[in-house]
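Observations on the model geometry
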Amino acid sequence: NVEEMREKRNPLENSGIELMMLEHGRQFRSDMIERTQCLKLLVAVTILTCPSDEERAETMHKWIQIAIDAKTAVGNLFAFSSIMLGLSMPQVRFF
């Protein structure tokens, strides 16, 4: 019975979203914030360090493709949002 299995489930075996919202998920929340910031900065740095406009446009296109794949093929919305945050940073948009 599915309901019985849910009731017997260990509270530490929650899904990622459930774990983020619970008190004992504090470290998980902190890790996710750090990963989001690191990926956002990686995206921005790889774009900003390109020596030419052509390379910058190509790098931005690659990151957009990675973001699309992360969202659609893998279903990773955290990676998608992190990449989009990096692409939408003012330093990248107005370079």
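Structure's up top.
Heads up: these notes are all about the structure in this document. All chains use their own residue numbering, which begins from 1 and follows the written sequence. Given that this is a predicted model, residues contribute local features only at a pLDDT of at least 70 and side-chain atom pairs are listed and counted only at 80 or more, while totals for whole chains, interfaces and linings are drawn from all residues. Note that water and hydrogens are dropped before the side-chain values are worked out from all heavy atoms of the structure.

**Concerning the overall build of the protein chain**
- The helix and strand labels rest on DSSP assignments: H or I over at least four residues marks a helix, E over at least two residues marks a strand, and numbering proceeds from the N terminus. What the protein chain contains, in helices and strands, is six helices and zero strands.
- Under the scheme applied here, a residue whose accessible area is under 20% of the maximum for its type counts as buried, over 50% as exposed, and between as partly exposed, the area being computed with a 1.4 Å probe on protein chains only. For the protein chain, buried positions account for 24% of its 95 residues.
- Counting only carbon and sulfur atoms, one obtains 61% of the accessible surface of the protein chain, whose full area is about 7,000 Å². Shrake-Rupley sampling with a 1.4 Å probe provides the accessible areas, and residues are treated as covered by the protein chains on show and by no other component.

**Overview of the packing of helix H3 (residues 26-48) against helix H4 (residues 53-74)**
- Each axis is a line fitted through C-alpha atoms, taken for helices only over the stretch in contact, and angles between the N-to-C directions span 0 to 180 degrees. The geometry of H3 relative to H4 is characterised by a closest axis approach of 9 Å and an angle of 155 degrees between their N-to-C directions. Of the possible angle classes, the one that applies to H3 and H4 is roughly antiparallel. Only Arg 56, Thr 59, Met 60 and Trp 63 of H4 make contact with H3, whose side of the interface consists of Leu 39, Leu 42, Val 43, Thr 46 and Ile 47.
- Basically, the charged four are Asp, Glu, Lys and Arg, the nonpolar ten are Ala, Val, Leu, Ile, Met, Phe, Trp, Tyr, Cys and Pro, and anything else, Gly included, counts as polar. When the residues that make up the contact of H3 with H4 are grouped by side-chain class, the tally is six nonpolar, two polar and one charged. Throughout, the term roughly parallel applies to angles under 35 degrees, roughly antiparallel to angles over 145, roughly perpendicular to angles from 65 to 115, and oblique to all others. Any two residues whose heavy atoms approach within 4.5 Å at even a single point are treated as in contact.

**Here we look at the packing of aromatic side chains**
- We call Phe, Tyr and Trp rings a pair once their centres come within 6.5 Å, taking the six-membered ring for Trp, and we label the pair stacked below 30 degrees between planes, edge-to-face above 60, and tilted otherwise. Applying the stated criterion across every chain yields a total of zero aromatic pairs.
- Charge-over-ring contacts are defined here by two conditions on Lys NZ or Arg CZ: a distance within 6 Å of the ring centre and an angle within 35 degrees of the ring normal. The positively charged end of Lys 71 is found above the aromatic ring belonging to Phe 80, 5.3 Å away from the centroid.

**Observations regarding H3**
- With 23 residues, H3 should reach 33 Å at 1.5 Å per residue; the first-to-last C-alpha distance of 33 Å fits that figure.
- Of all the residues in H3, the buried ones are Met 32, Thr 36, Lys 40, Val 43, Ala 44 and Ile 47. Residue count minus one, scaled by 1.5 Å, sets the expected span of a helix.

**Things to note about the packing of H3 against helix H5 (residues 77-87)**
- For the pair H3 and H5, the least separation of the axes is 8 Å and the interaxial angle reads 45 degrees. For the element pair H3 / H5, the angle class is oblique. Where H3 crosses over H5, the two elements pack in a sense that is right-handed. Only Phe 78, Ala 79, Ser 82, Ile 83, Leu 85, Gly 86 and Leu 87 of H5 make contact with H3, whose side of the interface consists of Met 32, Thr 36, Leu 39, Lys 40, Val 43, Ala 44 and Ile 47.
- For the contact of H3 with H5, the class distribution of residues is ten nonpolar, three polar and one charged. Note on convention: near helix rotated counterclockwise from far helix by under a right angle means a left-handed crossing. Clockwise means right-handed.

**Quick word on the nonpolar core**
- Membership of the largest hydrophobic core is limited to nine residues, which are Val 43, Ala 44, Ile 47, Trp 63, Ala 67, Ile 83, Leu 87, Met 89 and Val 92.
- Those elements that provide at least two residues to this core are H3, H4 and H5.
- The dominant element in this core, judged by the number of residues it contributes, is H3, at three residues. We call a set of buried residues a nonpolar core when its members are Ala, Val, Leu, Ile, Met, Phe, Trp, Tyr or Cys and they connect through side-chain atoms within 4.5 Å of each other.

**A look at H4**
- Counted at 1.5 Å a residue, the expected span for H4 with its 22 residues is 32 Å, and the 30 Å between its end C-alpha atoms agrees.
- For H4, every residue scored as buried is listed here: Arg 56, Thr 59, Trp 63, Ala 67 and Ala 70. Down the axis of H4, the buried set is contained in an arc of 80 degrees. They therefore lie on one face. Counted as exposed and oriented over 90 degrees from the buried face of H4: Glu 54, Thr 72 and Ala 73. The reported arc concerns the directions from the helix axis to the C-beta atoms and nothing else.

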